[in-house]
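# Survey of secondary and tertiary structure
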Amino acid sequence: MADQYQYNTNEEKIVKDSHTKEIDLINRDPKQINEDVVKVEFEDVIAEPDGTHSLDGVWKLSYTTFTVSKYWCYRILSAVFGIPVALLWGFLFACISFCHIWAVVPCIKSCLIESQCVSRIYSLCIQTFCDPFFEALSKICSNVRVALRKEV
């Protein structure tokens, strides 16, 4: 993993670690991963059809309660569990990467190499034994004529 080098005005080399990057505190879902999953608003959950309306004050207070409780509950849960869960996910993806790099890909490459060897041996056996047999069989059957007649 190569480090990136930057030079300031005094021509001093500044090493920028490739593990740290600037994070966007405004757009926290730049790849739109959770766009349709967790974007839940009050209107998506609670709706009163025409003819069945609560008091306006109750409706406004319900909206405020829903919005504020969702906001603070998420903030508290992410403050308490965010770092430990991020640690677990980091560990999990590190283990997956390790297994993929050190076990899965080499195993697949090994199987591909072995299957090429078996494929060549299989092809050689087919060409040596089956091709002459079926050529002889085709010459034997080449003079066979079939005629269909309808008898009444």
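Structure first, text after, so check above.
Described below are features of the structure shown in this document. (Residues numbered from 1 in each chain as written. Predicted model: local features only at pLDDT ≥ 70, side-chain atom pairs only at ≥ 80, totals over all residues. Heavy atoms only, no water.)

### Here we look at the layout of surface pockets
Each pocket or cavity is described by its volume, and for the largest pocket that value is around 1200 Å³. As for the largest pocket, its lining consists of 22 residues, of which Arg28, Asp29, Asn34, Val38 and Tyr74 are closest to the centre. Residue classes in the lining of the largest pocket are distributed as 10 nonpolar, four polar and eight charged. Approximately 170 Å³ is the volume attributed to the second largest pocket. Taken together, Tyr74, Leu77, Ser78, Phe81, Gly82, Val85, Ala86 and Trp89 form the lining of the second largest pocket. Residue composition of the lining of the second largest pocket, grouped by class: six nonpolar, two polar and no charged. (1 Å grid on protein atoms, 1.4 Å probe; cavity = no way out; pocket = protein on both sides within 12 Å on 5 of 7 lines; lining within 4 Å. Points joined across faces, edges and corners; volume = space filled by probe spheres on them. Nonpolar A, V, L, I, M, F, W, Y, C, P; charged D, E, K, R; others polar.)

### Quick look at unusual backbone geometry
Positive phi outside glycine occurs at Gln32, with the angle close to 55 degrees. Inspection of the secondary structure puts Gln32 in the loop between strand 2 (13-16) and helix 1 (42-45). A relative accessible area of 43% means that Gln32 is categorised as partly exposed. (Helix = DSSP H or I, 4+ residues; strand = E, 2+ residues; numbered from the N terminus. Buried < 20%, exposed > 50% of the residue type's maximum accessible area, 1.4 Å probe, protein only.)

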